[in-house]
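Structure at a glance
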Amino acid sequence: MTKFTRRTLLGLGAATAAATMLPGCSGGKSGPMRVSWYGPDPVTKALNNALNAWKASGGAEYTAESAPFDDYWDKLATQTSGNNAPDVLRMSMSYFSDYAGRSALKDLGSLGIDTSGLDKDVASSGVADGKNFGIGQSSISYSMYVDEAAVKQAGGSVPAQGWTWDKFAEFAKGYAGAVQGSYGSSDQAGNFQLFEVWARQHGTELFADDGGKLATSKDTVQEWFQYWADLRAAKATPAQNVSAETTAIEKSLIAKGKAPVQFGWVQQVTFYQPLVKSPLSVLPVPQGTAGDLKGQFVKGLDLWCVSAASKHPEDAAKLIGFLLNDEKAIKAIGILLGVPPSKKARDLVSADAGSAGARAIKYVEELAGKVGPSPKPWPKGYGELLTGFGRIAENIGFGKATPASGATEFVDLAGKTLGQ
Amino acid sequence: MKRVLAHAGLIAGALIMLYPLLWMISASLRPNTEIFSRPGLIPEHPTLGNYALGWSSTGTSFGVYLMNSLIICAAVVIGNVLTCSLTAYAFARLVFVGRKALFGLMLATIMLPAHVTLIAQYSIFRSLDWIDTFWPMIVPSFLATDAFFVFLMVQFIRSIPVELDDAARIDGCGAWGIYRRIILPLLSPALVTTAIFSFIWTWNNFFGQLIYLSTRTKLTVPIALRGFLDATGSSQWGALFAMSVVTLVPVVVVFIVFQRRILAGMAHTGLK
Amino acid sequence: MSDSLGTRLRRSGPAYLFLLPWFIGVVGLTIGPMLLSLYYSFTDYALLNTPEWKGLQNYTDLFQDSRYLQSLKVTFIYVAVSVPLEMAFALAVAVLLNKGLRGLAVYRALYYVPSLLGGSVAIALLWQQIFGSDGLLNDILGVFGIHGRGWISEPGTALWTLIVLRVWQFGAPMVIFLAGLRQIPDEVLEAAEVDGAGRWQRFWRVTLPLLSPVVFFNLVLQIIGAFQAFTPAFVISGGKGGPSDSTLFYTLYLYQQAFGNFRMGYAAAMAWILLLIIAVFTGLNFVLGRRWVFYGDEGARR
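Looking up chain B in an unreviewed UniProt entry gives the name Carbohydrate ABC transporter permease, with the organism given as Kribbella hippodromi. If you open the UniProt record of chain B and go to Subcellular location (unreviewed entry), you find "Cell membrane".

As annotated in an unreviewed UniProt entry, chain A carries the name ABC transporter substrate-binding protein and comes from Kribbella hippodromi.

What follows deals with the overall build of chain A. On a plain count of helices and strands, chain A comes out with 17 helices and 10 strands. Computed over C-alpha atoms, the radius of gyration of chain A comes to 23 Å, within 12% of the 22 Å expected from 2.2 N^0.38 for 420 residues, which places it in the range of a compact globule. Dimensions of chain A along its principal axes, counting C-alpha atoms only, are 70 × 65 × 35 Å. A buried classification covers 55% of the 420 residues belonging to chain A.

All names here are of chain B. For chain B, per-residue confidence averages 87 on the pLDDT scale, and residues scoring 70 or more make up 93% of the total. Within chain B, helix α13 (residues 237-267) has the poorest average pLDDT of any element, 81, and helix α6 (residues 135-138) the best, 96. For the stretch residues 266-272, pLDDT sits under 50, and the model shows 9 contacts to residues farther than four places along the chain or on other chains. As a predicted assembly, this complex carries a pTM of 0.92 together with an ipTM value of 0.89.

Before going further, it helps to spend a moment on the UniProt feature "transmembrane region" (unreviewed entry) in chain B. Residue and element names in this part refer to chain B. As annotated by UniProt and renumbered to match this structure, "transmembrane region" (unreviewed entry) occupies residues 7-29, 65-91, 103-125, 137-157, 178-203 and 237-258. A distance of 31 Å separates the end C-alpha atoms of residues 7-29, which is 96% helix and 0% strand. Annotation note: span residues 178-203, helix share 96%, strand share 0%, distance between end C-alpha atoms 33 Å.

Looking now at the environment of K218 of chain B. All names here are of chain B. As for its placement among the helices and strands, K218 is situated in the loop between α11 (207-212) and α12 (221-226). Since 17 C-beta atoms lie within 10 Å of it, K218 is described here as partly exposed. Between the alpha carbons of K218 and S127 there is a distance of 20 Å; along the sequence they are 91 residues apart. Each residue touching K218, except ones within four places of it in the same chain, is listed here: N68, D132 and L213.

Definitions and limits used
Residues numbered from 1 in each chain as written. Chains lettered and ligands numbered in written order. Predicted model: local features only at pLDDT ≥ 70, side-chain atom pairs only at ≥ 80, totals over all residues. UniProt positions renumbered as here; feature names shortened; annotations may be inferred. Helix = DSSP H or I, 4+ residues; strand = E, 2+ residues; numbered from the N terminus. Rg over C-alpha atoms; globule rule 2.2 N^0.38 Å. Buried ≥ 20, exposed ≤ 12 C-beta atoms within 10 Å, placed from the backbone. pLDDT = per-residue confidence, 0-100. Contact = placed C-beta atoms within 7 Å.

Put into structure tokens, the structure is as follows:
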């Protein structure tokens, strides 16, 4: 019976698939190369300008498409599944392995993209199984932004290399006590990306190099949740429902003047800065041992990729090379995709010193020699772990779980998602 | 006295209903940073800058998106009114083999969440070479695929006295004649309702248009609106609200014009 | 009565002609993708690979998935509370607006405004401004000395703000009720008045029975719609269903699995279970409906 049902269904499925897909697949009708990316309108504007420069330089014909981050992935999955993926596409490290690991991306190795000027970790950010599936668009590291003026006004000081975790907790509690109605920091318990730094400070990578299983221990996860639970209990960070209401950049505690500290990828400081009156300092995130920045890493987290089914691989590769190396393209893009991935590009765009962007660039350049080795691409299923980690932290914050049970839940989730 | 009370109640209710609209207009007149500072409806530093910014934010005029949405919505309205009424008439009034089973099938098509059929439908439209055109939004409405409207009209047709059909049949009308002369005129409240909903829902429908449309100049209003927000960057809230207000204008006009027709509906029927 | 199938098929000719567009749509666009999704539900399908047969595993996995069970719970509460409230509201306002008061067109438009906004992102922000911990609602409660809470940001109350949202957007069923009311010939009501029926009697004995097909329609479709509710939670919780999964609607979880976690097979299994649930409720509605829905063609068919 089962067999019959199965075969019938398979037959039906195959019939539908055949009926619907044959004409499209066999013809191989190929219009101009398609370029697709995610990002808000300013990114779209900048990339359109860069593409205009490409056209002006005699580059191949193209069409452009773009969508906000969240929508982009629904569309890309549908397009890829429907055998209609764009040729050149922007890829986030969060989903990179989901696509690369399912043969949706092309190996760029033989396509001769000039990456000689790029920071080495960025040029190789998209290497998986010995093949290069994507090239970093920017050099990124995790960071914290501090409203130093506010800290000084409260009688505190900010160490140039940032705090240790212990000192940071002290600072946060002290600040919250000193400034009425304010917190020492926003709650980062659910921040999986910051947790990766914490995990590396605790002796292992977040994920094992071979096969991408969870490498960090349950105890490390539990200590992390406990650290933030303690800060929350001490009112150094807000109650969970306040945290839930302050996730948008515009509503964040730092933008509202209710905390002097925010965490994020380095280039995001440019989004917070317009909302804060005094300049935000960009600092390394807290450390286990003062001054030891080996937990952090510099890497390309947004990549240019070519879809496996592309009919224009050569043009696609040329375009990627152009976006990375051409002066006009570099200037058009500025720091909208993050801190530029080459020395040449950083020098070209960091003209207006004193801006938040310039501080972000300086941060990455100063960090370069001090950070640890950059990790392998995040594994398949990373997106699920990212949201799962946040959800579990939220449950702890609302008292629906404890740091211990939350850590167990997360390790189980990772086991299920990544394989034991 | 009763009238005054009724009006008082209706006005109070209307205020609650209207608050969001006022709030949105107010937000559209505020600079980006003021939107999130404490509420109230009166902007401190009113500005029309958001409208200018939103209108040309991406380098493509917002008018293009409005026009695209209007074209799609108008086509969907026509498609739904035409084909759903044909289908509904058959289900409600005609006798045929497999009626119950087919009716069940029709209802089943709206019971399955669209997310799981999306991929396969995308492949169908791709094989027709319709990706990045308006056809995937328009053609289904000419094939009566929205069972909501079919079922709506079935219910309305079934409350029309069947004696009217019989009378027409005696006058020599066939199935088509009854549909044209009896059913369609008497169905006009439902037809107008269908038109209103088709327009508004298509106007707001986001997912399909996101998946099928790519070229900047072919994008529609809901996609353009979401473009103002992005989780990875700073969002243009002011522009979002300004353009949200702009995009409300056509739907409000459509609603007001068409809902009059609901009321006029009865006057044109032979029942009065 | 017992004509041969051939005869009956021949008589069906005109009906099939009327149904032709719908047939083309169902065969060409709907049935194939539906069946394909049924097939996916028995496979491991990550959207980017070819599906791999897994038998019933997706279905058995579902009932050990605590988030799935949570999404069921959330959805049932939502349906059970919001549908009756929304229906009652829509009907009451429609009846009120069907009277001969001046300026009714204006009220009708005003009452439809919330529904015009649909699932706009503006709604998300507005709802936070109203139901946030320093939102409008708490300001109003504060006047009465009540200390509010973060209605929208606490797991205990977040779902209720979405129920309020649905009830507030009662415009669609209201318009359908209005259209139904307009279809009731005035003569019938006048005749009842002449017979000495009071206002309430006329409503219960004449209006409501004549309106029953439309009430039935709204009930069936609102239940289907509420089971499939997606946009409210998607927009307001930013696609997460938070806080703490308290607004994790069924279809939202389905969407997360399909597109966020690349588990289309699992999502398809969820979709078909939902179809069964909705089919049971709809079937029940049709069975019960025989008792209270009155059609103008009644008798002609039986």
